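Architecture at a glance
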Amino acid sequence: MSDNEVPLARPLPMLSGDAVVAIIRAAQQLPPGRTHLGAVDIVVALLGLDGPAARMVDVLAPGRLNDIERELRAVQEVGGGRQDYGEIDLPDGTRLVLDSTGRELFDRLAATPNRRADSKRVLLADVSRPKSALLEALERVGVGAGHDSMAMQLEALAERVGTESSGVVRRLVYRPIGSSPEVREVSRSEYRGPVDREGLLREPDYAGDIANSPAARSGRSPRSERPSGRSDAEDGDGGVVGFGETGVTGGSGSARRQGSGQDGAGPERAAPNAPITDLLGRAVALGETSTRPLYVDPKWVSKVLGAVERNAITMLVADSRAAADDLVAALAEQLGADGIKGTSVFGYRSLVVLEPGYLATQPGAAIRDGLNAALGGILYLPEAARYFDGARYAVASQDLRRAVARGEVRILGTLDDGDVNAWPPDDVEGGEILYIEPADVDETVGMIRSRRELILQRLSTPAITLKITDKAIEMAAGLADRYFRDPPPPGGAIRLIQDAATAIKVRASTGMKALHDDRVREATTIDAEDVVLALERLSGIKAHLDDRERLLSLEDRLRERVVGQEEAIVAVADVIRRARAGLKDPSRPIGSFIFMGPSGVGKTELA
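If you're wondering where the values come from, they're calculated on a predicted model, not measured in any experiment.

**Things to note about the overall build of the protein chain**
- Check the secondary structure of the protein chain and you find 28 helices and 13 strands.
- Residue pairs at least 24 apart in sequence account for 71% of intrachain contacts in the protein chain once pairs closer than 6 positions are excluded.
- Split by element, the accessible area of the protein chain, about 29,900 Å² in all, is 49% carbon and sulfur.

Put into structure tokens, the structure is as follows:
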């Protein structure tokens, strides 16, 4: 193009200060030998600002920003060629030349209906490209399963990670040069292999990048990556993408940056709180061995493993979801210990769980991604019965039935009490139902200790960081087992700890003196006495740290209220002492009494 020929400009939205700064930094930080600005350069600059754009990625892949940036910088070194595809005029008059990927990004930015675009919109412009630099980097570090579903999640996160600080918006001049780069956009679920009438095993040719597929990264054959024939947008099962409490919490404040060496995440598994997590892969990556004590009853782990070995579908019925979750986590640890020496006796490749927000808002896409990630392994699916209901979840139901019929995945699910009688559907092999006994005190203690850091993280605030003693956990488990079994264990014990934490925070607030409980100490550590007070507030039961003297003198205390009923008083006191000593049958009540006599002799008072 000669000096007097200027290509026609295409209007861009007004760009925020962070977006303009990122574009300027991208141009200033081009690797040696590169002269053309590409999409990957702008993405790297956006993540380097630690603003809302970086926070979106951090929520999707907690603690993996450094890994993602390393992948992006490796792509930066290659660049997108030296052909001119467009120009950008900066506010100071500097002219930047775009390569094909930069042209794609700004074409999509120009097509946005919004009048303004912040750094998040610029990042989403790259995400919408068929060969998005960011999505390919996320896939290479083992986050997510499929470009389409990750793009939809980032789009939803853009509305939930906050906005940029106020600043001046600017309009850049964008001039595309020549025709648009030739980019073939195809459905990532398209299958282009020949028809196999005889069922011969072969390597089908998919429209995606087999080398970067989850199957290839995990060492499985590409034939395991069976396309569903639908894109995520065609599911019809999901609504607006959202994340659960855990994922959103991870994005608050400035973006976290931790190397994979610190969180134990390898390229074969999703990061914690990602849409898909392989618990078995995490156990292997963290080096957890069978010498680590189990905090759930080993007999139940063995029963679940035996049922999974026998059946394509195993359903757990437990008093609480937390009990089932902990049982599955313990099973993953044991299977990880089985394969930690490199030779697995059982041979399961994965035990996959889905992020609750992803499953709740996009069940079709979540279950398909989970089935792909769990090929040759186990998919844990809470409330599984609903997803086998074709009337409610047509796509998810078909995918589950197909995977079970082909023997690709074993389903480990949970059933609510209301679903037990209706399970299984007529066209589904029912497998096996296991009724899990409620956790005892020791198991409850183990469950809470395993969740200690997460519980304290949620209870703490920027102004007060809480701690909890082992005695407090043991006291909460014991009191909940005796007096507070709704919700079932470990829910009751956790509720006591939560109430104790609330009382401590109220005590620490100088502006809430009207709510102060003088019995609560001014401290940041939850101890056993705080748990006892929490039980009194929640149930009205006044427990004591040491009931020995009270139990020994129980008859005297009862005689103060009931006169002339010595036989009944002694019988009741003996039963209570036996129960408190742990000698009662756990499957039977403490005692059953029938008080008979005329009105006014003390029957009701003694009861």
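**Structural notes on the packing of aromatic side chains**
- One pass over the structure, following the stated rule, counts three aromatic pairs.
- Summarising the aromatic geometry, the rings of Phe388 and Trp423 are spaced 5.4 Å apart at their centres and angled 75° between planes, so their arrangement reads as edge-to-face. Residue Phe388 is found in the loop between helix 17 (384–387) and helix 18 (394–406), and its partner Trp423 is found in the loop between helix 19 (417–420) and strand 11 (432–435); the two are separated by 35 residues along the sequence. Of the two residues examined, Phe388 and Trp423, each falls in the buried class.
- When the ring centre of Trp300 is taken as origin, the NZ or CZ atom of Lys303, which lies over that ring, is 4.3 Å away.

**Focus on the environment of Gly377**
- When you line up the elements, Gly377 lands in the loop between helix 16 (363–373) and strand 9 (378–381).
- Between the C-alpha atom of Gly377 and that of Leu351, which follows or precedes it by 26 residues, the distance is 5.9 Å.

**Quick notes on the nonpolar core**
- Ranked by size, the top nonpolar core spans 56 residues in total, and within it Ile68, Phe106 and Leu138 carry the most contacts.
- Per-element tally for this core: the top contributor is helix 2 (residues 39–48), with eight residues.

**Observations concerning the pattern of salt bridges**
- Throughout the structure, instances matching the rule amount to 33 salt bridges.
- One salt bridge in this structure joins Asp107 and Arg103, with 2.9 Å as the shortest N-O distance. Of the two residues, Asp107 and Arg103 both sit in helix 5 (residues 100–110), four residues apart, roughly one turn of that helix. Residue Asp107 shares its accessibility class with Arg103, and that shared class is buried.
- With a closest N to O distance of 3.5 Å, Asp399 and Arg368 form a salt bridge.

**With respect to the sheet that holds strand 10 (residues 410–414)**
- One open sheet holds the six strands; their spatial order is 6-8-9-10-7-11, and the pairing between them is mixed. In this open sheet, the two edge strands, each paired with only one partner strand, are strand 6 (276–278) and strand 11. Between one strand and the next, the sheet's axes are offset by a mean angle of 25°, whatever the strand orientation.
- Across three bridges, strand 6 lies against strand 8 (residues 351–354) in antiparallel orientation. Its bridge partner being in strand 8, Ile276 is matched across the sheet by Leu354.

**Quick notes on the pairing of strand 9**
- Both faces of strand 9 are covered, namely the face carrying Ile378 and Tyr380 and the face carrying Leu379 and Leu381.
- Bridge count between strand 8 and strand 9: two bridges; the pairing is parallel. Residue pairing in the sheet places Val352 in a bridge with Leu379 of strand 9.
- Here strand 9 pairs with strand 10 via four bridges, running parallel.

**Considering helix 21 (residues 452–459)**
- Listing the buried residues of helix 21 in full gives Arg452, Ile455, Leu456 and Leu459. Projection of helix 21 onto a plane perpendicular to its axis shows the buried side chains occupying an angular sector of 95°, all on one side. Exposed residues lying more than 90 degrees from the buried face of helix 21 are Glu453 and Gln457.
- The elements touched by buried residues of helix 21 are helix 20 (441–450), strand 12 (467–468), helix 22 (470–483) and helix 23 (491–508).

**Let's talk about the sheet that holds strand 2 (residues 86–89)**
- Strand order across the open sheet formed by three strands is 3-2-5, with antiparallel pairing between neighbours. Each edge of the sheet is formed by a strand with only one pairing partner; in this case those strands are strand 3 (95–98) and strand 5 (173–176). Geometrically, the sheet is characterised by an average inter-axis angle of 20° between neighbouring strands, direction not taken into account.

**Section: helix 1 (residues 17–28)**
- With 12 residues, helix 1 ought to run about 16 Å at 1.5 Å a step, and its terminal C-alpha atoms sit 16 Å apart, in line with that.
- Ala19, Val20, Ala22, Ile23 and Ala26 are the residues of helix 1 that are buried. For helix 1, the angular spread of the buried residues around the axis is 160°, confining them to a single face.
- Turning to helix 1, the residues buried within the fold contact strand 1 (14–15), helix 2, strand 3, helix 5, strand 4 (116–117) and helix 6 (119–127).

**Some words on unusual backbone geometry**
- For the peptide bond that leads from Trp423 to Pro424, omega is 5°, which places it in the cis range.
- In this structure, Asp50 is a non-glycine residue whose phi angle is positive, near 55°.
- Here Asp50 shows up in the loop between helix 2 and helix 3 (52–60).
- The residue Glu383 is not glycine, and still its phi comes out positive at about 50°.
- Inspection of the secondary structure assignment puts Glu383 in the loop between strand 9 and helix 17.
- Judged by relative accessible area, Glu383 falls into the partly exposed class, the value being 27%.

**Concerning the environment of Glu566**
- Checked against the element boundaries, Glu566 lands in helix 27 (residues 566–580).
- According to the relative accessible area criterion, Glu566 is partly exposed, its value standing at 39%.
- Along the primary structure Glu566 and Glu555 are separated by 11 residues, whereas in three dimensions their C-alpha atoms are 8.7 Å apart.

**A closer look at the side chain of Asp67**
- Mapped onto the elements of the fold, Asp67 is located in helix 4 (residues 65–78).
- Given a relative accessible area of 7%, Asp67 falls into the buried group.
- One polar contact links Asp67 to Arg64, side chain to side chain, over a distance of 2.9 Å.

**Looking at the environment of Ala318**
- Structurally, the position occupied by Ala318 is in the loop between strand 7 (313–317) and helix 14 (321–338).
- Judged by its relative accessible area of 21%, Ala318 is partly exposed.
- Taking C-alpha positions, Ala318 is 9.3 Å from Pro488, a pair spaced 170 residues apart along the chain.
- If we ignore the near neighbours within four places in the chain, the residues touching Ala318 are Ala323, Ala324 and Ile436.

The rules behind the values
Residues numbered from 1 in each chain as written. Predicted model: local features only at pLDDT ≥ 70, side-chain atom pairs only at ≥ 80, totals over all residues. Heavy atoms only, no water. Helix = DSSP H or I, 4+ residues; strand = E, 2+ residues; numbered from the N terminus. Contact = heavy atoms within 4.5 Å. Areas by Shrake-Rupley, 256 points an atom, 1.4 Å probe, with all protein chains shown as cover. Phe/Tyr/Trp six-rings, centres within 6.5 Å; stacked < 30°, edge-to-face > 60°. Buried < 20%, exposed > 50% of the residue type's maximum accessible area, 1.4 Å probe, protein only. Lys NZ or Arg CZ within 6 Å of the ring centre and 35° of its normal. Core = buried A, V, L, I, M, F, W, Y, C linked by side-chain atoms within 4.5 Å. Salt bridge = Lys/Arg side-chain N within 4 Å of Asp/Glu carboxyl O. Pairing = 2+ DSSP bridges. Axes fitted to C-alpha atoms, helices over the stretch in contact; angles between N-to-C directions. Arc of directions from axis to C-beta. Expected span 1.5 Å × (residues − 1). Polar contact = N/O pair within 3.5 Å; in protein donor to acceptor, adjacent residues only side chain to side chain.

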